[in-house]
Amino acid sequence: MTIAVCPGSYDPVTAGHLDVIERSARIFETVHVVVAVNSAKTPMFSESTRVDVIKRALVKDGYPNVVVASTDGLITDYCTKVGASVIVKGLRQNGDYEAELGMALVNRKLSGVETMFLPANPILEHISSTIVKDVARHGGDVTGMVPDCVVGMLAEQLQKEKSQ
């Protein structure tokens, strides 16, 4: 049985993230979508909220082979814990490859886990969590860039930020 891990900050989860997750679920027997908590970053949404949103976004299409979790440790430690042999990363542009290659090599050295890169769907390759948050902060419509449940959450969170 091949177990894969799709790690990311998912702050928030985007249509591009979901595309990679759904494609991975067709390739591997079990896919763990792991919200990676990085103490050096200040996310817009809490760890538990990000996990919950991913679960809600995937439930509509029914992915029984997808597990959603989080970790504040090394992804390789999580992989070892669940018996995963591969990490799946989506790549949008050349810059993604350059950034991800070094991490893939370190992960392989740490635990023997290989990394598989999936090219982004060309229709979604311009979407990132950072761009989504910037568009929303400036009043733009992010419908279609994120799951429907995220659109309202972004607006609500931005209202909270403005009132602080």
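Participant: When you look at the packing of aromatic side chains in this model, what are you seeing that I'm missing?
Facilitator: Going through the model one piece at a time under the given rule, you end up with one aromatic pair. Look at Tyr97 and Phe117: their rings are 5.7 Å apart centre to centre, the planes differ by 75°, and that puts the pair in the edge-to-face class. Here Tyr97 is found in helix α4 (residues 94–111), whereas its partner Phe117 is found in strand β5 (residues 114–119), with 20 residues between them in sequence. Among the residues examined, Tyr97 registers a relative accessible area of 40% and is labelled partly exposed. For Phe117, a relative accessible area of 24% puts it in the partly exposed group.

Participant: I tried to follow the layout of surface pockets on my own but got confused; where do I start?
Facilitator: It is a probe the size of a water molecule, rolled over the atoms, that shows where empty space is left. Considered as a void within the structure, the largest pocket measures approximately 1300 Å³ in volume. If you go around the largest pocket, you meet 48 residues; those closest to its centre are Pro7, Gly8, Ser9, Lys89 and Glu100. Elements with a contribution of two residues or more to the lining of the largest pocket: β1 (3–8), α1 (15–27), α3 (75–82), β4 (86–91), α4 and α5 (129–137). No other element matches the nine residues that α4 contributes to the lining of the largest pocket. For the second largest pocket, the calculated volume is near 150 Å³. Put simply, the parts of the chain that give the lining of the second largest pocket at least two residues each are α5 and α6 (148–163). For the lining of the second largest pocket, the element with the highest residue contribution is α6, accounting for six residues.

The rules behind each value
- Residues numbered from 1 in each chain as written.
- Predicted model: local features only at pLDDT ≥ 70, side-chain atom pairs only at ≥ 80, totals over all residues.
- Heavy atoms only, no water.
- Phe/Tyr/Trp six-rings, centres within 6.5 Å; stacked < 30°, edge-to-face > 60°.
- Helix = DSSP H or I, 4+ residues; strand = E, 2+ residues; numbered from the N terminus.
- Buried < 20%, exposed > 50% of the residue type's maximum accessible area, 1.4 Å probe, protein only.
- 1 Å grid on protein atoms, 1.4 Å probe; cavity = no way out; pocket = protein on both sides within 12 Å on 5 of 7 lines; lining within 4 Å.
- Points joined across faces, edges and corners; volume = space filled by probe spheres on them.

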